[in-house]
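Single-letter residue listing:
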Amino acid sequence: MNGRVFVIGLGLIGGSLALCIKKAHKEAAIIGFDINREQARLAKMLGVIDEAAENIPEGAKDADLIIISAPVNDTKSIIQALSKLTLKPEVIVTDTGSTKGTIVETADSLKKEGITFIGGHPMAGSHKSGVSAAKEILFENAFYLLTPDEGAAPSKVEELKGWLSGTNAKFLTIAPQNHDYLTGIVSHFPHIIAASIVRQTEKLSATEQLIPRLAAGGFRDITRIASSSPKMWKDILLHNREVLIDLLNQWQKEMNGVKELLESGNGEEIFDYFSQAKQFRDGLPQKEKGAIPSFYDLYVDVPDYPGVVSEITGYLAQEKISITNIRILETREDINGVLVISFQTEEDRQRAEKCILSYTSFGTSNGS
Ligand SMILES: NC(=O)c1ccc[n+]([C@@H]2O[C@H](COP(=O)([O-])OP(=O)(O)OC[C@H]3O[C@@H](n4cnc5c(N)ncnc54)[C@H](O)[C@@H]3O)[C@@H](O)[C@H]2O)c1
Ligand SMILES: O=C(O)C(=O)C[C@]1(C(=O)O)C=C[C@@H](O)C=C1
């Protein structure tokens, strides 16, 4: 497709969508705007956008597609600002916000001006923010939820899917209220729980300094998402308050049930509790990237000598294998170091494992 795409909010999601659109529609011009000028500068420097607009009116006036990818409360104000501008009559405005009820309601102001708004939400992401974390493969196989209102022309929905075809996501149309209920359960609520576990641990660490050092794989797995953007999550919680209050009430009952299991000391019931959870969790479609965000991590047990990290990255560089992240787990520092190296794809992870095993005698695993 050819035309001008204007991305407002050049962070993880806006940046990733811009990359997907450029990949699928080479002729299209991608214009970007971010309230944080540094993000816009970085987006241009990284080739995520073709041009940076000075402000929203400048980028919006000739756009054929406008994607708003800012935190959900900012999305609301951006929609209100857009509805006061003269836009191309055939433009499609969409967003990527994690909530839909309030946003779709706000977009009535665009509808009144005859402008098509189709709410959107790619169900894949990361705890990382900003354009430097953007990647073209982020949405592959993930669900991409769309919330067109009943009056939206089906041809416009198809046109939007065409623009977004480079995401390789699976589009699913859903009503805004249903969207907020479902994502409240599988996304918003788990973020509250992750943050609460971290906060409880932080409090307990005040009197037991070993706690942070002992927090190993299990703690890290269940709390990864607590490292997400506080601003983004503040907005999401405020937009989905009712659903989340209801889920918290249910959770309190659930936790009281667990407490009773412990008080009664009934091993069989405790076993059943974990067994049922395992069955449901194991049945989730894990292999589909996006259904559960995939991080292609390779764990390497390394002896503790200076230069070991550069030695390993040197071998990977020789084989032209790109890494996206590298960190040392401190938990086992007294024995061996554990180096966690992240890759863009499973194929890269496997190539890296083969490479390290061929050059060294270090142990490797996928961390599970
Ligand atoms: N992070 C995820 O996992 C994820 C996944 C799917 C959808 N979402 C949703 O997508 C949206 C973007 O999330 P993200 O992860 O890319 O966040 P991000 O923090 O990486 O990027 C958001 C960007 O929006 C910019 N911004 C804020 N207000 C703005 C304004 N008024 N005008 C222009 N730019 C503005 C910020 O400066 C920032 O660069 C959010 O609504 C979020 O709920 C996030
Ligand atoms: O992988 C993560 O870090 C995410 O939290 C991604 C996640 C999610 O909850 O699954 C977060 C918010 C979005 O609206 C969609 C996806």
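The rules behind these values
- Residues numbered from 1 in each chain as written.
- Chains lettered and ligands numbered in written order.
- Predicted model: local features only at pLDDT ≥ 70, side-chain atom pairs only at ≥ 80, totals over all residues.
- UniProt positions renumbered as here; feature names shortened; annotations may be inferred.
- Helix = DSSP H or I, 4+ residues; strand = E, 2+ residues; numbered from the N terminus.
- Rg over C-alpha atoms; globule rule 2.2 N^0.38 Å.
- Buried ≥ 20, exposed ≤ 12 C-beta atoms within 10 Å, placed from the backbone.
- Contact = placed C-beta atoms within 7 Å.
- Near = placed C-beta within 6 Å.
- Nonpolar A, V, L, I, M, F, W, Y, C, P; charged D, E, K, R; others polar.
- Pairing = 2+ DSSP bridges.
- Axes fitted to C-alpha atoms, helices over the stretch in contact; angles between N-to-C directions.
- Left-handed = near helix turned anticlockwise from the far one by under 90°.
- Arc of directions from axis to C-beta.
- Core = buried A, V, L, I, M, F, W, Y, C linked by C-beta atoms within 7 Å.
- Expected span 1.5 Å × (residues − 1).
- Right-handed = clockwise from strand over helix to strand, strands pointing away.

Going by the annotation in an unreviewed UniProt entry, the name recorded for the protein is Prephenate dehydrogenase, with Neobacillus mesonae given as the source organism. Per UniProt, the protein carries the Catalytic activity (unreviewed entry) text "prephenate + NAD(+) = 3-(4-hydroxyphenyl)pyruvate + CO2 + NADH". Turning to the protein, the UniProt record has this under Sequence similarities (unreviewed entry): "Belongs to the prephenate/arogenate dehydrogenase family."

J.: Can you break down the overall build of the protein residue by residue, with the values?
T.: Broken down by element type, the protein carries 15 helices and twelve strands. Here the C-alpha radius of gyration of the protein, 23 Å, is about what a compact globule of 368 residues would show, namely 21 Å. A burial count over the protein gives 32% of its 368 residues as buried. Look at the contacts in the protein between residues 6 or more apart in sequence, and 75% of them connect residues 24 or more apart.

J.: Can you explain the site of ligand 1? Please cite residues and give values.
T.: Contacts to ligand 1 come from 31 residues, most closely from G9, G11, I13, S98 and G125. Only helix 1 (12-24), helix 4 (72-82), strand 6 (116-122) and helix 11 (230-239) provide two or more residues apiece to the shell around ligand 1. Ranked by residues supplied to the shell around ligand 1, first place goes to helix 4 with four residues. Split by residue class, the shell around ligand 1 holds 13 nonpolar, 16 polar and two charged.

J.: Report on the sheet that holds strand 5 (residues 92-95), specifying residues and quantitative values.
T.: In spatial order, the strands read 3-2-1-4-5-6-7-8; together these eight strands make up an open sheet with mixed pairing. Each having just a single partner strand, strand 3 (51-52) and strand 8 (170-173) make up the two edges of the open sheet. For strand 2 (residues 29-33) and strand 3, the ladder comprises two bridges, and the chain directions are parallel. Note on strand 3: the bridge partner recorded for I31 is E51. Along the sheet, helix 4 makes contact with strand 1 (4-8), strand 4 (65-68) and strand 5, crossing strand 4 at roughly 150°.

J.: Describe the packing of helix 14 (residues 308-318) against helix 15 (residues 346-359), with residues and values.
T.: Packing of helix 14 against helix 15 brings their axes to within 10 Å, and their N-to-C directions diverge by 120°. The handedness of the crossing between helix 14 and helix 15 is right-handed. Facing helix 14, whose interface residues are I312, Y315 and L316, helix 15 presents A352, C355, I356 and Y359. Taken together, the residues of the contact of helix 14 with helix 15 sort by class into seven nonpolar, no polar and no charged.

J.: Which residues make up helix 4, and what are the values?
T.: Listing the buried residues of helix 4 in full gives V72, T75, K76, I78, I79 and L82. All buried residues of helix 4 lie within an arc of 170° about the axis, which places them on one face of the element.

J.: Hey, could you go over the nonpolar core for me, with residue numbers and the actual values?
T.: Counting residues in hydrophobic clusters, the biggest one holds 57 residues, and the most contacted among them are V5, V7, I8 and I66. Per-element tally for this core: the top contributor is helix 1, with seven residues. Beyond its immediate sequence surroundings of up to four residues, I66 is in contact with F6, I8, A60, L82, V91 and V93. Of all hydrophobic cores here, the second largest spans eleven residues; its members include L298, V338, F343 and A352.

J.: Got a sec to walk through unusual backbone geometry? Specific residues and values, please.
T.: In most cases, non-glycine residues show a negative phi, while peptide bonds are predominantly trans. Despite not being glycine, N141 shows a phi value in the positive range, around 70°. Among the secondary structure elements, N141 is positioned in the loop between strand 6 and strand 7 (143-148). Not every positive phi belongs to a glycine, and N168 is a case in point at roughly 55°. Secondary-structure assignment places N168 in the loop between helix 7 (154-163) and strand 8.

J.: Before we move on, can you summarise helix 1 with the specific residues and values?
T.: Taking 1.5 Å of rise per residue, the 13 residues of helix 1 would be expected to cover 18 Å, and the 19 Å separating its terminal C-alpha atoms lies within 8% of that figure. With eleven of its 13 residues buried, helix 1 lies for the most part within the structure. For helix 1, the complete set of buried residues consists of L12, I13, G14, G15, S16, L17, A18, L19, C20, I21 and K22. Where the residues of helix 1 are buried, they touch strand 1, strand 2, helix 2 (37-45), strand 4, strand 6 and helix 7.

J.: I'd love a proper account of the pairing of strand 8, names of residues and values included.
T.: Direction of pairing for strand 7 relative to strand 8: parallel, over a ladder of four bridges. By the bridge assignment, L146 is partnered in strand 8 with T173. Following the chain from strand 7 across helix 7 to the adjacent parallel strand 8, one finds a crossover that is right-handed.

J.: Mind laying out the environment of A169, listing which residues take part and the relevant values?
T.: By the secondary structure assignment, A169 is in the loop between helix 7 and strand 8. Residue class for A169 comes out buried when judged on the 22 C-beta atoms lying within 10 Å of it. Along the primary structure A169 and S358 are separated by 189 residues, whereas in three dimensions their C-alpha atoms are 36 Å apart. With sequence-adjacent residues up to four places away left out, A169 is seen in contact with P122, F139, A142, F143 and Y144.

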